[in-house]
Amino acid sequence: AQKVTQAQTEISVVEKEDVTLDCVYETRDTTYYLFWYKQPPSGELVFLIRRNSFDEQNEISGRYSWNFQKSTSSFNFTITASQVVDSAVYFCALSEAGGSADGLTFGKGTHLIIQP
Amino acid sequence: NAGVTQTPKFRILKIGQSMTLQCTQDMNHNYMYWYRQDPGMGLKLIYYSVGAGITDKGEVPNGYNVSRSTTEDFPLRLELAAPSQTSVYFCASSWGGPPDTQYFGPGTRLTVL
């Protein structure tokens, strides 16, 4: 069975600080995909990134970066120079590519608060 | 291109009432999903569909029904609403099945009193 753990329930930092959101996953598949979604206060879910299990290169997109480490089953998300607009709940999710059409397995989310 | 749309945005039901949550996507996606999000929890899959006329249960299907008569629409039906169904409901779609990226609608906040 697959599982995603986001141990940080809530993180509060002051604007311009860097912050890392942790994601640890469990899966028996050798081929799988990891996702991050952002849920701002308005409530919608916004797709941020998808990575497959064969690509361990770190990814950077502006102030956002992702560190994927298979050795520790982690897919952590770092926001550099945080801004108030980054305040949201962030979800890490896992999808196995084994052929089942089941949906994503989500972590419980990390509520990120950026204080001005 | 509106993406995934859901109606209504908010709804209050009395115990035992029924209602249908609407979901429409205009991206010609084959796969559609319904999730529920409870406070402090991640999303859990209720039902999914791999194409028109084909639906299947997810992790938490009890108390719900779905249909998929067209590619675009995937309504979720609640029969005999219960307080345990108070939640935020999200519809999502993807071109193919996992691991294709799922795109989500804005959600419907449902309260059952």
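See the structure above.
An account of the accompanying structure is given in this report. The written sequence of each chain sets the order in which its residues are numbered from 1. Note on labels: chains are lettered from A, ligands numbered from 1, in written order. Residue-level local features of this predicted model are given only where pLDDT is at least 70; pairs of side-chain atoms are given and counted only at 80 or more, and the full residue set underlies all totals for whole chains, interfaces and linings. Excluding hydrogens and water, the side-chain values take into account all heavy atoms of the structure.

**Things to note about the pairing of strand β12 (residues 110–115) of chain A**
Residue and element names in this part refer to chain A.
Now for step 1: Of the two faces of β12, only one is covered, namely that formed by Thr110, Leu112 and Ile114; the face formed by His111, Ile113 and Gln115 stays uncovered.
Now for step 2: Note: two strands are recorded as paired if DSSP finds a minimum of 2 bridges between them. A run of H or I in DSSP counts as a helix once it spans at least four residues, and a run of E counts as a strand once it spans at least two, with each numbered from the N terminus. Pairing of strand β2 (residues 10–14) with β12 involves five bridges; the strand directions are parallel. Bridge pairing in β12 links Ile11 to Leu112.
Now for step 3: Here strand β10 (residues 88–96) runs beside β12; their pairing, made up of three bridges, is antiparallel. By the bridge assignment, Ala88 is partnered in β12 with Leu112. Using a 1.4 Å probe on the protein chains alone, a residue whose accessible area is under 20% of its type maximum counts as buried, one over 50% counts as exposed, and one in between counts as partly exposed.

**Remarks on the state of the cysteines**
Residues and elements named next belong to chain A.
Now for step 1: In what follows, a disulfide is any cysteine sulfur pair within 2.5 Å. Applying the stated criterion to the full structure yields two disulfides over all chains.
Now for step 2: Each sulfur in the disulfide pair Cys23 and Cys92 lies 2.0 Å from the other. What sets the handedness of the Cys23 and Cys92 disulfide is the S-S torsion sign, and at about -65 degrees it is left-handed. Of this pair, Cys23 sits in the loop between β3 (19–21) and β4 (24–26) while Cys92 sits in strand β10, placing them 69 residues apart in sequence. For the pair Cys23 and Cys92, one class covers both residues: buried.

**Remarks on the side chain of A:Ser82**
Now for step 1: As for its position among the elements, A:Ser82 is in the loop between β9 (74–79) and β10.
Now for step 2: Residue contacts are defined here by distance: any two heavy atoms, one from each residue, within 4.5 Å place the two residues in contact. Not counting residues up to four positions away in its chain, the partners in contact with A:Ser82 are A:Val13, A:Val14, A:Glu15, A:Lys16, A:Glu17, A:Arg63 and A:Ile114.

**Quick notes on the interface of chain B and chain A**
A common way to state how big an interface is: give the accessible area lost once the parts meet.
Now for step 1: At the interface, 20 residues of chain B touch 21 residues of chain A.
Now for step 2: Counting the surface lost from both chain B and chain A, the interface buries some 1,600 Å², and carbon and sulfur atoms represent 62% of this.
Now for step 3: Each of two parts loses accessible area, computed with a 1.4 Å probe, when they are put together; buried area is these two losses added. Its largest share of buried area at the contact with chain A, chain B owes to B:Pro98, B:Pro99 and B:Phe104, together 32% of the area lost on that side.
Now for step 4: For this analysis, a salt bridge means a side-chain nitrogen from Lys or Arg found within 4 Å of a carboxyl oxygen belonging to Asp or Glu. On the surface where chain B and chain A come into contact, there are zero salt bridges.
Now for step 5: Pairs of N or O atoms are called polar contacts if they sit within 3.5 Å, as long as, within protein, a hydrogen donor faces a hydrogen acceptor (for residues adjacent in sequence, only side-chain-to-side-chain pairs). Here chain B is connected to chain A by four residue pairs in polar contact (both at pLDDT 80 or more).

**Remarks on the packing of aromatic side chains**
Now for step 1: Each pair of aromatic rings taken from Phe, Tyr and Trp, with Trp reduced to its six-membered ring, is defined by centres within 6.5 Å and is described as stacked if the planes are under 30 degrees apart, edge-to-face if over 60, and tilted in the remaining cases. For the structure on display, the rule yields 21 aromatic pairs over all chains.
Now for step 2: Pairing B:Tyr35 with B:Phe104 gives two aromatic rings, centres 5.5 Å apart and planes at 40 degrees, and the pair type is tilted. Remark: B:Phe104 occurs in strand β10 (residues 103–104) and B:Tyr35 occurs in strand β4 (residues 31–37); sequence separation between them is 69 residues. Of the two residues, B:Tyr35 and B:Phe104, neither departs from the other in class, the shared state being buried.
Now for step 3: Through pairs of rings, three or more aromatic residues link up here, namely A:Phe35, A:Tyr37, A:Phe47, A:Phe91, A:Phe106, B:Tyr33, B:Tyr35, B:Phe90, B:Tyr103 and B:Phe104.
Now for step 4: Here, over-ring charges are defined by two tests on the NZ atom of lysine or the CZ atom of arginine: distance to the ring centre within 6 Å, and angle to the ring normal within 35 degrees. Residue placement shows B:Arg68 over the ring face of B:Phe74; its charged tip is 6.0 Å from the ring centre.

**Focus on the environment of A:Phe91**
Now for step 1: Mapped onto the elements, A:Phe91 comes out in strand β10.
Now for step 2: Expressed as a C-alpha distance, the spacing of A:Phe91 and A:Trp36, which sit 55 residues apart in the sequence, is 5.6 Å.

**Some points on the layout of surface pockets**
Rolling a probe over the atoms, with the probe sized like a water molecule, indicates the empty space that remains.
Now for step 1: Approximately 720 Å³ is the volume found for the largest pocket.
Now for step 2: Elements with a contribution of two residues or more to the lining of the largest pocket: β10 of chain A together with β9 (87–94) and β11 (108–112) of chain B.
Now for step 3: Tallying contributions element by element places β11(B) first for the lining of the largest pocket, with four residues.
Now for step 4: The residue classification treats Ala, Val, Leu, Ile, Met, Phe, Trp, Tyr, Cys and Pro as nonpolar and Asp, Glu, Lys and Arg as charged. All others, Gly included, are polar. Of the residues assigned to the lining of the largest pocket, the class counts are twelve nonpolar, 15 polar and five charged.
Now for step 5: Whether a set of points on the 1 Å grid over the protein atoms alone is a cavity depends on a 1.4 Å probe fitting there but being unable to get out, while an open set qualifies as a pocket with protein on both sides within 12 Å along at least five of seven lines; lining residues are those with an atom within 4 Å of a point. Grid points are joined across faces, edges and corners, and a volume is the space filled by probe spheres set on the points. The volume enclosed by the second largest pocket comes to roughly 380 Å³.

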